[in-house]
Amino acid sequence: MRDVAVLGVGMTKFGKHPDKSLVDLFAEAFFEAFEESNIELKDIQALYYGNFVGEMTDGSGNLSGFMADEIGLRGIPAIRYEGACASSSVAFREAVRAVAAGYYDIVAVGGSERLYTAGTEIGTRALATAVDGVYEIAAGLTFPGVFALAARLYAKTYEIPLEELREMMAMVSVKNHKYGAINPKAQFYGKLGDLKVEDVLNSRMISSPLTLLDCCPMTDGGSAAIIAAADIAEDLVDTPVYVRGTGQSSAGGLFRQKEDIIRAIPRKKSVEMAFKEAKMTPKDIDFVEIHDCFTIAEIIATEAMGFFEYGQGCYAVRDGVTSIDGDLPVNPDGGLIGKGHPVGATGVSQVYSVVKQLRGEFKENPVKNAETGMTDTLGGDFGTLVNIILSIHRR
């Protein structure tokens, strides 16, 4: 298996884009990645594309061919991947594996989604298809409900008063909105950067104990990356960022996972797979981009990933450990809460942020002396988990 490196990355501004199609959003991100990759279009041998609900929001399926044609690559193999919110992370992982195995030397990967433009009713229904359709949707369960249940279970299991936990969850929102407000590509750029804990607690209740500001927004956006065999990458760009390890795991509905939802066992398995492949441990990670679809989700993730003991992630937030100047910065780009969540584009947008940080190009909120970063993308209610470790150092 060959080493693989990222040549270039691209990302649209996240937000509302009623004048742009799924194809337009992906193409915009792709050409940003292409311009910094020092290649020609003919060098790209395949396209790996992530999208969740294009059929529902835009009336289009079979999207990968449209993407390839739009960017001038008609005729190459083009594959669409769907893993709910982890769709483009699945695509990225499969692209890496194909290059590592020698099937291709250079490929493009990314994703796009248009949930903000679709509107609340369609967007909410579309997102809900990532939970079990027979036993969960029929009972009225949507994702705010999933993570509201998780928050209550977390408080009960670890014997933390719910109001105390709510305050620590609110600190996640304050942190991520602060960072999103200074990220020009974020949906909330220039907004909500001075939130207080009480602002989060007093915002509109969505699903108790989660308020509006405990939740990430529905978003339109696109993201892209171009990857290559490491030996080729080193001849093309000055600062290749190497894919040190990836992991992926899965699970069934909540009625099967039960109490395990606060331990996020599929995530734990995915993370362990990534660390084993990278020959690393959590202590080797300088910062992480985590799937903070809700404030409690960030806390649960940091524990399952091995950064903190179970039941201790909330205190790490409270004590500033996950802030930009803490021992483990989490979501310095604003995360899903501050940056936005265009589902099919989210995973590779996390790769974008890590690559920019490692190349010293994330000027708005740089992680000091960062050499290795990690992404974490959650699809559905722990149905699909993907983790990616990236580094300036080759294996």
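Structure's up top.
The structure displayed is predicted, hence computed values, not measured ones.

**Considering the pattern of salt bridges**
- Counting across every chain of the model gives 24 salt bridges.
- The shortest N-O distance in the salt bridge between Asp 105 and Arg 2 comes to 2.9 Å. Separated by 103 residues along the polypeptide, Asp 105 in the loop between α4 (87-100) and β4 (106-114) and Arg 2 in the segment before β1 (4-11) bring together distant segments of the chain.
- Residue Arg 318 pairs with Asp 319 through a salt bridge whose shortest N-O separation is 3.0 Å.
- Through salt bridges with shared partners, one network takes in Asp 3, Asp 231, Glu 234, Arg 394 and Arg 395.

**Observations concerning the packing of helix α7 (residues 162-180) against helix α12 (residues 295-304)**
- Interaxial distance between α7 and α12 falls to 8 Å at its minimum, and their mutual angle equals 95 degrees. Considering their axes alone, α7 and α12 lie roughly perpendicular with respect to each other. Residue-level contacts link Leu 165, Met 169, Val 172, Ser 173, Lys 175 and Asn 176 of α7 to Thr 295, Ile 296, Glu 298 and Ile 299 of α12.
- The residue makeup of the contact of α7 with α12, split by class, is five nonpolar, three polar and two charged.

**Focus on the pairing of strand β11 (residues 384-391)**
- Most of β11 is tucked away: eight of the eight residues are buried.
- The side-chain alternation of β11 yields two buried faces, one formed by Thr 384, Val 386, Ile 388 and Leu 390 and the other by Leu 385, Asn 387, Ile 389 and Ser 391.
- Two strands pair when backbone bridges link them, and strand β10 (residues 372-379) and β11 are joined in this way by eight bridges, in the antiparallel orientation. Within the sheet, the bridge partner assigned to Thr 372 lies in β11 and is Ser 391.

Rules used in this analysis
- Residues numbered from 1 in each chain as written.
- Predicted model: local features only at pLDDT ≥ 70, side-chain atom pairs only at ≥ 80, totals over all residues.
- Heavy atoms only, no water.
- Salt bridge = Lys/Arg side-chain N within 4 Å of Asp/Glu carboxyl O.
- Helix = DSSP H or I, 4+ residues; strand = E, 2+ residues; numbered from the N terminus.
- Axes fitted to C-alpha atoms, helices over the stretch in contact; angles between N-to-C directions.
- Parallel < 35°, antiparallel > 145°, perpendicular 65-115°, else oblique.
- Contact = heavy atoms within 4.5 Å.
- Nonpolar A, V, L, I, M, F, W, Y, C, P; charged D, E, K, R; others polar.
- Buried < 20%, exposed > 50% of the residue type's maximum accessible area, 1.4 Å probe, protein only.
- Pairing = 2+ DSSP bridges.

Shape descriptors only; they carry no functional weight alone.
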